[in-house]
Amino acid sequence: MKRVVSSSIITLFIILAITGTYFYIRNFNNSGGDPIKAIPSDASFFLVVDSTDNAVLSIQKFEYLPILRQAPVFEKLYKNIGIIDSLKKSNSGFSEFFQADPLYISAHVSGANNFDFLFIKTMNPKMEELALTAMLNEIAGKDKNIDERNYDGTIIREIQFDEKSTFTFSISKGLFIASFTPFLVEDALRQLKLGKPIITDFKQMRQRFSSTGIDLYVNFNNLPTILNIFLQASGSKNISEIRRFGNWTCLGLNISGHTIQGEGILNELDSLQFVSCFSGQHAIPASLLKIIPENTSAFQYTGLSDKNLYQSKYWRNYASIDEVNRRKKFISSVEENYKLKIDEKMEEWIGNESAIVVLEPTGVNYDNNIFAIFKATKISTARNSLNIISKIIDKKLNSKTKEESYNGHLIGFINLNGMLPALFGDAFSKLNKIYYTDIGDYILFGNQASSVRMFIDEYKSGNFIVEAEHFKPVQKQISEGINYLVWASPASGTYLLKSVFNKEWKNYQDSYQKIFSGFQDFAYMFEANDETYRSRTLINFIKEKKREGVSQAFVMETDSSVFMKALITTNPASNSREIIFQDESETLYLADNSGTVKWTQLIDGKIMGAISEIDLFKNGSRQFLFNTREYLYLLDAEGKPVGNYPIRLPAPATNGISVIDFEKVKEPRIYLACENKRVYAYLPSGKPLPGWNFQQTTGTITDPIRNVKLNGKDYIVINDREGGVSIVNKFGESGIKLIQGFTLAKNSSFFQDPSGFIVTTDISGNVMSISGDGLVQSIPLNAAGPDHGFAYVDVDDDGQQDYVFLDGKELIAYNKALTLIFRKEFETTMSGKLNVFEMNEKQKAFGFVSDVSNKCWLVKTDGSVYPGFPVKGSGEMVIDELNMDGKKNLLIGSSENNFYVYTIE
């Protein structure tokens, strides 16, 4: 159970690259010596490809090929197929060269961040070396010279196709050896001279599985060297452990439809390899998979017929010295400090199945999306054992035992960080905290209570991986039982891949996103039968489908309820997005795009309105600006006050600040109102705005001060709760005098009409329009109560703005002729505020919440509810791209001490 989840994903891409390369080099193959003796010992894997046309035809008919061709590299390979077919038809010698023994293609590291292939084929006895050389010269072009050099008594020939491409080949001991990297040919000649095959029992191994004409041989000992080409340096240590996974896995590949399937064997070399831990086991049904959610990105499953035998082999033979020492130290420490035999207490309930599961993450840090699952021999025994451990630890630490009931499940906490990796190995290294619950006959562990809640929600939804259409080929392969299965979905694991890819391959991932999005399944598995291991693999592609709905990305636990609107900000150093918000206990949080809190800051007072972001120094930095009742704050990106901030306000504030950059030149003005019935304006430095001259008497101003355009000019609107409405310029003077005032509805706002006037509603539900000459016209709808929400947006696609009201339990839309467009009724009373969100260039949506039910809705402009809604949340809604990947995210707080982030498809 080692760390092979992410590396297995990479292996998949290499297999794809090899398959493509097969097209590229089909013009170099055929009969004589033993190719297995010429493959250099550093090969990570090699293919044995039958010389008939059946293998090529199966690849040409591959349904996903049109998608792959969207990448220039695969389009080039596809065109080469046509060239090769034409050559075979037009050149009898070339065709004859193809008609005998199979082609061997081996993969080797050829330099820093690069790899290449070596092509080996037994020569056809009917074709002489000079004839083959002449034929290759003719294919390359008669204007191309063939250079020759002597290498240890063997002639090596080179054809320069272009400045970057040199084809090198040689014939020795009846073998044709070729590559686009010259030293690989030299390596093969040296290996051939040694006469030592890369697999000593190659012939016997081939007899142990059924060849399909495209057979893959993977060398686990050498695989890390080629995987590290794709990975960040920080991941090299983990990848290197694949060397001890097994010896060779050999698979006959079948390509049909949109699936590549392989079946073969896995060779065990010695007792120090991971696969040897399964010696003596028999396959069992993978029942645990029935509780794994459909929105999973990757999982690693282990099923055992004899758990104790596996554990003894793992810790006696396979585990590293560091692992063994950490385990001993941890067990000893717990026994000494708590008088508890932690290993025995855990082992008394753990059954024969376990898994590490990663739900689809929204950022490269997926600690909050990773879970461990163990089968319980008896679920009541498991719950009791875990509860006893928790209480013993808490009693010694003099702390209260954490337990909560959620959606029919009891969530507990064990205050022993690092327990899972210490007891069960490094595969569990990302699971340091111990929040747990029971799911059916299984115990689930996660790093946060909110993460466990998220898994429970997914489990309750009834959408499981085993029921997904794309997973059925995997299900079929494991129907007779399994011992080990690693599965991943690059289509849903974008950030899982980005967490391991190096910079170059992250760029490829972004450039060829459509290809990645169709790469649905990769699975590698084996089942033990005494000392024999049956090995299988599956690669499944699907055509890109536009999904619609909502899924929970992650949940952040907070100290108290969260109702304020979060700000999504971009970290200029990492070019990644971050979230900042305050909870009701007045704690300010800054978290990354995976929900990991980077810092918290206790603020003296509750933030009024929203948090704004400015660049005070105009140097690409960022600061966060907001106010409480008493102070105006400006914090830097680390949560520390800037300059002479916080600034005490002249009187308690009655609204949140408005930050308006009229000229869009990073020279914003700051406006807010206070209890002394005055409106104040500031510069970003905190100094009063020079020339500010708003002298009018106002009532209590609770709404934010808004920016509008009338007659092509910028104005600000200041409205109070007593019916006063002032429209003035940015200095508070020479504005537009209104013919009459009105009281703006509590949750209404101002909307700009394309013809130039502005539209809003009053507390009686009447539509109010204001023109540039100060004329106020009322359309007496009386459509809603004083707390209604209002939006002015085209909902019926006729090019005309419509009137939309949210009042009580109803969402109602009227056109300009006051004809009802739709009326949508809900079961619960809404909180009033109606948000309008831009979902894409053509589509808008309405968002609103219910404080009563702690739920939020997203509704299309035709009145239909988005699939999957309502979801949990009752604070201010924000919809934006949290990961800048084209997917919209919904961010919202709640009354349950949680901050939710959802992904909208």
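Refer to the structure printed above.
Values in this document were obtained by computation on a predicted structure and should not be read as measured data.

**Points about the overall build of the protein**
Logical step 1: A count of helical and extended segments in the protein gives 20 helices and 50 strands.
Logical step 2: Looking at the 905 residues of the protein, the share that counts as buried comes to 59%.
Logical step 3: Considering only intrachain contacts with a sequence separation of at least 6, the fraction spanning at least 24 residues in the protein is 59%.
Logical step 4: Put simply, the protein shows about 37100 Å² of open surface, and 48% of that area lies on carbon and sulfur atoms.

**Thoughts on the packing of aromatic side chains**
Logical step 1: Evaluated as defined, the whole model comprises 55 aromatic pairs.
Logical step 2: Centre to centre, the rings of phenylalanine 374 and phenylalanine 424 are 4.9 Å apart; their planes meet at 40°, and the pair counts as tilted. Within this pair, whereas phenylalanine 374 is found in strand E13 (residues 370-376), its partner phenylalanine 424 is found in helix H15 (residues 419-424), the two being separated by 50 residues in sequence. The residues phenylalanine 374 and phenylalanine 424 share a single accessibility class, namely buried.
Logical step 3: Through pairs of rings, three or more aromatic residues link up here, namely Phe220, Phe245, Phe274, Phe278, Tyr310, Tyr314, Trp315, Tyr318, Tyr484, Tyr524, Phe526 and Tyr533.
Logical step 4: For the cation-ring pair, lysine 402 lies above phenylalanine 413, with the distance from its terminal atom to the ring centre recorded as 4.9 Å.
Logical step 5: One residue, lysine 860, lies across the ring of tyrosine 866, its end atom 5.4 Å from the ring centre.

**With respect to helix H16 (residues 449-461)**
Spacing of three or four residues puts side chains on the same side of an α-helix, whose turn is 3.6 residues.
Logical step 1: The end-to-end C-alpha distance of H16 is 18 Å, a good match for the 18 Å that 13 residues give at a rise of 1.5 Å each.
Logical step 2: Counting buried residues in H16 gives 10 out of 13 residues, a clear majority hidden from the surface.
Logical step 3: When we look at burial in H16, the residues that qualify are Ala449, Ser450, Ser451, Val452, Arg453, Met454, Phe455, Ile456, Asp457 and Glu458.
Logical step 4: Phi for glycine 462, located one or two positions after H16, is positive at around 80°.

**Overview of the sheet that holds strand E32 (residues 679-682)**
Logical step 1: With respect to topology, three strands assemble into an open sheet ordered E30-E31-E32, the strand pairing being antiparallel. For this open sheet the edge positions go to strand E30 (658-660) and E32, each flanked by a neighbour on one side alone. Taking the axes of each pair of neighbouring strands and ignoring which way they run, one obtains an average angle of 25° across the sheet.
Logical step 2: Inspection of the sheet shows E30 paired to strand E31 (residues 669-673) by three bridges, in the antiparallel sense. Within E31, the position partnered with valine 659 by the bridge is isoleucine 670.

**A few points about the sheet that holds strand E24 (residues 587-592)**
Logical step 1: With antiparallel pairing, the four strands of this open sheet are ordered in space as E22-E23-E24-E25. The strands lining the two open edges of the sheet, one partner per strand, are strand E22 (567-571) and strand E25 (597-602). Adjacent strand axes in the sheet meet at a mean angle of 20°, parallel and antiparallel pairs treated alike.
Logical step 2: Note that E24 and E25 share five bridges and pair antiparallel. Bridged to tyrosine 589 within E25 is threonine 600.

**Describing the side chain of serine 726**
Logical step 1: Following the sequence through the fold, serine 726 ends up in strand E35 (residues 725-728).
Logical step 2: At 3.0 Å, the side chain of serine 726 forms a polar contact with the side chain of glutamine 696.
Logical step 3: Aside from chain neighbours lying at most four places away, what touches serine 726 is Phe694, Gln696, Ile716, Val717 and Ile718.

**Focus: unusual backbone geometry**
Logical step 1: Cis geometry marks the peptide bond from tyrosine 645 to proline 646; its omega dihedral reads 0°.
Logical step 2: Of note, the bond from phenylalanine 869 into proline 870 is cis; its omega dihedral lies within 30 degrees of zero at 10°.
Logical step 3: Of note, proline 870 is situated in the loop between strand E46 (855-860) and strand E47 (871-872).
Logical step 4: Non-glycine residue lysine 618 carries a positive phi angle of around 55°.
Logical step 5: Along the chain, the position of lysine 618 falls in the loop between strand E26 (608-614) and strand E27 (623-627).
Logical step 6: Taking the relative accessible area as the measure of exposure, lysine 618 reaches 45% and is therefore partly exposed.
Logical step 7: Although it is not a glycine, asparagine 854 sits at a positive phi angle of roughly 55°.

**Focus on the pattern of salt bridges**
Logical step 1: The tally for this structure, following the rule as stated, stands at 34 salt bridges.
Logical step 2: Residues lysine 193 and aspartate 152 are paired through a salt bridge, measuring 2.8 Å at the closest nitrogen-oxygen approach. One end of the pair, lysine 193, is in helix H7 (residues 182-194); the other, aspartate 152, is in the loop between strand E4 (146-151) and strand E5 (154-160), with 41 residues separating them in the sequence.
Logical step 3: Under the relative-accessibility criterion, lysine 193 is labelled exposed at 58%.
Logical step 4: Lysine 606 serves as the salt-bridge partner of glutamate 584, at 3.4 Å between the closest nitrogen and oxygen. With a gap of 22 residues between them, glutamate 584 in the loop between strand E23 (576-582) and E24 and lysine 606 in the loop between E25 and E26 connect regions that are remote in the sequence.
Logical step 5: Judged by its relative accessible area of 46%, lysine 606 is partly exposed.

**Section: the environment of histidine 409**
Logical step 1: Positionally, histidine 409 belongs in strand E15 (residues 409-414).
Logical step 2: Judged by relative accessible area, which is 7%, histidine 409 ranks as buried.
Logical step 3: Counting along the chain gives 28 residues from histidine 409 to threonine 437, while the straight-line C-alpha distance between them is 6.6 Å.
Logical step 4: The residues contacting histidine 409, other than those within four sequence positions of it, are Glu404, Thr437, Asp438, Ile439, Ile456, Tyr459 and Lys460.

**Regarding the pairing of strand E18 (residues 484-488)**
Logical step 1: Within E18, five of the five residues are buried, which leaves it mostly tucked inside the rest of the structure.
Logical step 2: Residues Tyr484, Val486 and Ala488 line one face of E18 and the alternating positions Leu485 and Trp487 line the opposite face, and both faces are buried.
Logical step 3: One ladder, built from five bridges, connects strand E11 (residues 296-303) with E18; its direction is antiparallel. Paired with alanine 298 across the bridge in E18 is alanine 488.
Logical step 4: Where E18 meets strand E19 (residues 519-529), five bridges bridge the pair, whose relative direction is antiparallel. Bridge pairing in E19 places tryptophan 487 opposite alanine 523.

Rules of the game
Residues numbered from 1 in each chain as written. Predicted model: local features only at pLDDT ≥ 70, side-chain atom pairs only at ≥ 80, totals over all residues. Heavy atoms only, no water. Helix = DSSP H or I, 4+ residues; strand = E, 2+ residues; numbered from the N terminus. Buried < 20%, exposed > 50% of the residue type's maximum accessible area, 1.4 Å probe, protein only. Contact = heavy atoms within 4.5 Å. Areas by Shrake-Rupley, 256 points an atom, 1.4 Å probe, with all protein chains shown as cover. Phe/Tyr/Trp six-rings, centres within 6.5 Å; stacked < 30°, edge-to-face > 60°. Lys NZ or Arg CZ within 6 Å of the ring centre and 35° of its normal. Expected span 1.5 Å × (residues − 1). Pairing = 2+ DSSP bridges. Axes fitted to C-alpha atoms, helices over the stretch in contact; angles between N-to-C directions. Polar contact = N/O pair within 3.5 Å; in protein donor to acceptor, adjacent residues only side chain to side chain. Salt bridge = Lys/Arg side-chain N within 4 Å of Asp/Glu carboxyl O.

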